[in-house]
Amino acid sequence: RRHRSIILVLVALIAAVVIARQVQAPTSPSQSDGPIAAGPGLVLDVLDGDTARIRMAGYEGSVRIVGIERPIEHPGKPAGCFGYEAAAAAKVWLQGRVVDVVPAREQRDHFGRLLARVVPRDGPIASRDLARVLALSGLARELPMAPNL
């Protein structure tokens, strides 16, 4: 009798494992290749002066701020003029904040990042386009690129 109980438990455990492997786990937001709708997002991390990691409905990943070019930083090399300052300002203005994300007409760059305008809902630059603020403050230069003018 005890031997039969152990066998039944093992059979039930094996069946549970087989069923669990066939059921797909719910997918979390990720870097989707499809079109992304405009909407609110949470800034998880500011990677540099023009790129942030943002979580929003249907997407979580890198967002490249369109409309500007900020000074480049490379590991082991000095940053371009105001490169560190641009990154520090973007971190203060965005980190942990809810922002409105407006994807550009051409939504992806050659690295697969979402191209978008980002407007914080609160904080020191609330309701102002990040690219415009960085450009006006001298921490980046405007970079209009077709079709995302």
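Our subject is the structure listed above.
Everything numeric in this text was worked out from a predicted model, so none of it was measured.

Chemist: Can you explain the overall build of the protein? Please cite residues and give values.
Modeler: Along the protein, the regular secondary structure elements total three helices and seven strands. Ordering the α and β elements of the protein from the N terminus gives α-β-β-β-β-α-β-β-α-β. Burial analysis of the protein (149 residues in total) assigns 37% to the buried set. About 9400 Å² of surface is accessible on the protein, with carbon and sulfur atoms providing 60% of the total.

Chemist: Describe helix H2 (residues 83–94), with residues and values.
Modeler: Over its twelve residues, H2 runs 16 Å from end to end, which matches the ideal 16 Å to within 8%, given 1.5 Å per residue. Every buried residue belonging to H2 is among Gly83, Ala86, Ala87, Ala89, Ala90, Trp93 and Leu94, and all of these are buried. Buried residues of H2, viewed axially, fall in a sector of 165 degrees; they line one side. Seen from the open side of H2, the exposed residues pointing more than 90 degrees away from its buried face are Tyr84 and Val92. Summarising the contacts, the buried residues of H2 are in contact with strand E1 (39–48), strand E5 (98–108), strand E6 (114–120) and helix H3 (130–136).

Chemist: Describe in detail unusual backbone geometry, supporting the description with residues and values.
Modeler: If you check the backbone angles, serine 127 has positive phi at about 65 degrees while not being a glycine. Mapped onto the fold, serine 127 is located in the loop between E6 and H3. Since its relative accessible area comes to 62%, serine 127 is described here as exposed.

Chemist: Let's hear about the pairing of strand E3 (residues 59–65): which residues, and what values?
Modeler: Within a regular strand, the side chains alternate between the two sheet faces. In terms of burial, E3 is a largely internal element, six of the seven residues being buried. Alignment of strand E2 (residues 51–56) against E3, held across six bridges, turns out to be antiparallel. Looking at the pairing, arginine 55 lines up with glutamate 60 of E3. Where E3 and E6 come together, three bridges link them in parallel fashion. Bridging across to E6, isoleucine 65 finds its partner in alanine 116.

Chemist: Now, about the sheet that holds E2: what can you tell me, with residues and values included?
Modeler: Taking strand neighbours around the barrel as the criterion, the five strands line up as E1-E2-E3-E6-E5 in a closed arrangement whose pairing is mixed. Strand-to-strand twist of the sheet, defined as the mean angle between neighbouring strand axes without regard to direction, takes the value 50 degrees. Packed on one face of the sheet, H2 meets E1, E5 and E6 and runs near 150 degrees to E1.

Criteria and thresholds
Residues numbered from 1 in each chain as written. Predicted model: local features only at pLDDT ≥ 70, side-chain atom pairs only at ≥ 80, totals over all residues. Heavy atoms only, no water. Helix = DSSP H or I, 4+ residues; strand = E, 2+ residues; numbered from the N terminus. Buried < 20%, exposed > 50% of the residue type's maximum accessible area, 1.4 Å probe, protein only. Areas by Shrake-Rupley, 256 points an atom, 1.4 Å probe, with all protein chains shown as cover. Expected span 1.5 Å × (residues − 1). Arc of directions from axis to C-beta. Contact = heavy atoms within 4.5 Å. Pairing = 2+ DSSP bridges. Axes fitted to C-alpha atoms, helices over the stretch in contact; angles between N-to-C directions.

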